[in-house]
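Fold and geometry: a report
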Amino acid sequence: RDPSQPSWFGTPISALNRTPACSSPLPSLKPDSQHTVLFRPHVRPGDPPRPFPDKYRDVWDDAHVRMPCSDENLYPVQDQDGSKTVKSRWEVVQSALLGNIQNSLDLEEAILTYNSRYANRWDFRGLHSFFTEYLDDDEARGFFKVTLPAMVKLALRLPEIVTQSPPLLKKQMRHSITLSQLQVASLLSNAFFCTFPRRNAYQRNSEYSSFPSINFNDLFKGGKHGVDRRRAEKLKTLVHYFKRVTARMPCGTLTFRRQSFPKMPVWKTCKDPLTRLHVSAEGMIEEDGTGMLQVDFANKVIGGGVLGFGLVQEEIRFLICPEMILSRLFTETLEADECLVIIGAEQYSCYKGYSDTYKWAGDYQDQTTRDTWGRRCTEVVAIDALKYRTYTEQCNPGMVKRELDKAFCGFYRSDVLPSNLSAIATGNWGCGAFGGDSRIKGLIQMMSSAVAKRDLAYFTFGDAQLAEDLYKMHEFAEANSLSVGDLWNVIQSYHRTCAKTSRKPAVELFSYIYQMYSDFQDSTDEEGAGQDW
Ligand code: AR6
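Residue indices follow the written sequence of each chain, beginning from 1 at its first position. Per-residue local features are limited, in this predicted model, to residues with pLDDT of at least 70; the limit for side-chain atom pairs, both in listing and counting, is 80 or more; totals at the level of whole chains, interfaces and linings are taken over all residues. Computation of side-chain values: all heavy atoms of the structure, hydrogens and water removed.

**A look at the state of the cysteines**
Inclusion rule: Note that a disulfide, as used here, is simply two cysteine sulfur atoms within 2.5 Å.
As enumerated under the stated definition, the model contains zero disulfides in all. The thiol of C251 is not disulfide-bonded; the next cysteine sulfur, from C377, is found 16 Å away. Counting only cysteine sulfurs, C321 is the nearest neighbor of C350, a cysteine outside any disulfide, at a range of 11 Å.

**Overview of the nonpolar core**
Put simply, the rule reads: We call a set of buried Ala, Val, Leu, Ile, Met, Phe, Trp, Tyr and Cys residues a nonpolar core when their side-chain atoms join them within 4.5 Å. Throughout this description, buried means an accessible area under 20% of the type-specific maximum (1.4 Å probe, protein chains only), exposed means over 50%, and partly exposed covers the range between. The numbering of helices and of strands both runs from the N terminus, where a helix is a DSSP run of H or I of at least 4 residues and a strand a run of E of at least 2. Should any heavy atoms of two residues lie within 4.5 Å, those residues are counted as being in contact.
Among the nonpolar cores identified, the biggest contains 87 residues, and F193, F216 and F220 are the most heavily contacted of them. Here this core takes nine residues from helix 4 (residues 137–156), the largest share from any one element. Each residue touching F220, except ones within four places of it in the same chain, is listed here: I111, D123, F124, R125, G126, L127, F192, C194 and L235. In terms of nonpolar packing, the next biggest core, distinct from the first, is built from 64 residues, V341, W429, Y494 and L509 among them.

**Here's the deal with the confidence of the model for the chain**
This is how the line gets drawn: The predictor reports its confidence for every residue as pLDDT, a score running from 0 up to 100.
Looking at the chain as a whole, its pLDDT mean stands at 94, while 97% of the residues score no less than 70. Throughout residues 527–533 the model reports pLDDT below 50, and contacts reaching past four residues in sequence, or to other chains, amount to 13 contacts. Predicted complex metrics record ipTM = 0.99 and pTM = 0.96.

**Quick notes on the pairing of strand 13 (residues 424–427)**
Rule in force here: Here, any two strands with at least 2 DSSP bridges between them count as paired. A right-handed crossover is one whose linking path, passing over the helix from the first strand to the second, runs clockwise when the strands point away from the viewer.
Of the two faces of strand 13, the one holding I424 and T426 and the one holding A425 and G427 are both buried throughout. Where strand 8 (residues 293–298) meets strand 13, two bridges bridge the pair, whose relative direction is parallel. Of the residues in strand 13, the one forming a bridge with L293 is I424. When strand 13 meets strand 14 (residues 456–459), the two strands line up parallel, connected through four bridges. Of the residues in strand 14, the one forming a bridge with G427 is F459. Considered for its hand, the β-α-β crossover made up of strand 13, helix 12 (residues 438–451) and strand 14 is right-handed.

**A few points about helix 13 (residues 464–479)**
Condition: Here the expected length of a helix is defined as 1.5 Å per residue gap, with one fewer gap than residues.
With 16 residues, helix 13 extends 22 Å between its outermost C-alpha atoms, agreeing within 8% with the 22 Å of an ideal straight helix rising 1.5 Å per residue. Along helix 13, the positions that sit buried rather than exposed are L466, A467, D469, L470, M473, H474, F476 and A477. Looking at the residues trailing helix 13, positive phi occurs at S481, about 50 degrees.

**Examining the packing of helix 2 (residues 104–113) against helix 3 (residues 125–134)**
In a packed pair of helices, the relevant descriptors are the angle between the two axes and the axis-to-axis distance. Let me state the cut-off plainly: Note on method: axes are straight lines fitted to C-alpha atoms, helices fitted across the in-contact stretch only, with angles between N-to-C directions ranging 0 to 180 degrees. In what follows, roughly perpendicular refers to angles from 65 to 115 degrees, roughly parallel to angles under 35, roughly antiparallel to angles over 145, and oblique to any angle outside these ranges. For any helix crossing, the convention is left-handed if the near helix is rotated counterclockwise from the far helix by under a right angle, and right-handed if that rotation is clockwise. Residues are grouped as follows: Ala, Val, Leu, Ile, Met, Phe, Trp, Tyr, Cys and Pro are nonpolar; Asp, Glu, Lys and Arg are charged; every other residue, Gly included, is polar.
Between helix 2 and helix 3, whose axes approach to 9 Å, the crossing angle comes to 155 degrees. Classified by the angle their axes make, helix 2 and helix 3 are roughly antiparallel. Every pair of crossing elements has a handedness; the one defined by helix 2 and helix 3 is right-handed. On helix 3, the residues that touch S104, L105, L107 and E108 of helix 2 are L127, H128 and F131. Grouping the amino acids of the contact of helix 2 with helix 3 by side-chain chemistry returns four nonpolar, two polar and one charged.

**Side note on the sheet that holds strand 2 (residues 35–37)**
Taken in spatial order, the 10 strands of this open sheet run 1-7-14-13-8-12-9-6-5-2, and their pairing is mixed. Sheet topology places strand 1 (8–10) and strand 2 at the edges, where each strand pairs with a single neighbour. Across the sheet, the mean angle from the axis of one strand to that of its neighbour is 20 degrees, orientation sign disregarded. Taken together, the four bridges between strand 9 (residues 339–343) and strand 12 (residues 379–384) define a ladder with antiparallel strand orientation. Within the sheet, the bridge partner assigned to L340 lies in strand 12 and is A382.

Structure (structure tokens):
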């Protein structure tokens, strides 16, 4: 970056709202028909909240997570004489994990005991090389001696810790789940040991085919050349989380909320002016957006490739804040008008690099304040953009509406006064793996946040030109008193002029907008007549 050039434009970031300073007091935490709370709503500092109900109450149906510890979780086991009997799978899990696991080969054997159908299909080469080639001997020994037995304990205490089956957050449901960090840690330990039933087969029409995977087996795969560096760095980051929570269990809570609204704005007629914009070439959403609504550039399958190969914004966020991975246990694929909000996830790790250069960079002590429900004041919203191949298709009215609606669904809070809303911390949503254009998407996010009545902090990930261009467009819209509806109309008019071009048109959207309005000004100056978009 040229140091003589400014790195940010617009409203100073210090002027934007952040939680908890901007928030109104929370109502007391109470379960209701739209909110499942898995503990007694009683937060005691220094002590994880007690689960609710006191004794494990199982539900084994298609509306709830099928728990590994359910009595209904049965598994065929071959007896010594070759005959098959059906046994409690949880008992098999317990005896396998309580066996003597001293290295990754033992771990593989244990996991396959209760996943025997996958013995020839799952590949553990990545896990083996992680412990033999990637970690040094002391670290590997420490893991099997200290962390792994503690993780086993945490996983097997599941029926004491999570005493009811969490509901599934299915398509179009408006429902929240609040649980303790201890409950999340116990469920995630089970995911690491691949104990969740019916979550291994993802063929079409299988029960969970429209849900993300949750068992960690895909992370244990090998690469073409022995150790897969991406998976190894992911494992390092996740092992660090388990090391932290087994050494000292955090006492807070988290909420996962599936959100949609019965009515979306009629964009064409929205009179709202743009809200304030801070745009910066420096800074990151998770670092500089503390207390703001932080955008997760999501996949409709929440968490994307976090348990596989993917390693961009969403996956990195889920790795450094692994409690977010739990969303994969219960969140069905997001539809066009839905999002998932995650409040309270803690950051446990630092990282360096991005994608192929991603590296775990040590411990992170999250100092974010907690709210009165015990959650870190960190709110992340998962919104999935569409994947694009051409510039033109992104201006198609149907596509623009889809993206405006998606962002609006993520940003809007029907029950909060605008003055109590934090700003949105975002950036090049949909513009990396999903191939969108950052100027079009930047404008779309400005429009959605305007109707949601929230300011925007936009981090361009080092792109100084983009920062300047977005700022100029924002200034231009303000100077010309352009409302969201005016912007919608000019995008439509642009699409009509360039719809026949399949590739990138000669004039891009921003230049077109500038040109249209100066023509409009010229024509009004000369003839006193407006142009009808
Ligand atoms: N802060 C600010 N900007 C960032 C950050 C950050 N921490 N990280 C990346 N960027 P991408 P998409 C910028 O590709 O296109 C995942 O697999 C950077 O300029 O993650 O919406 C999901 O699961 C980067 O190029 O988002 C989906 O499957 C740009 O944001 C898919 O990728 C876009 O990041 C979503 O892809």
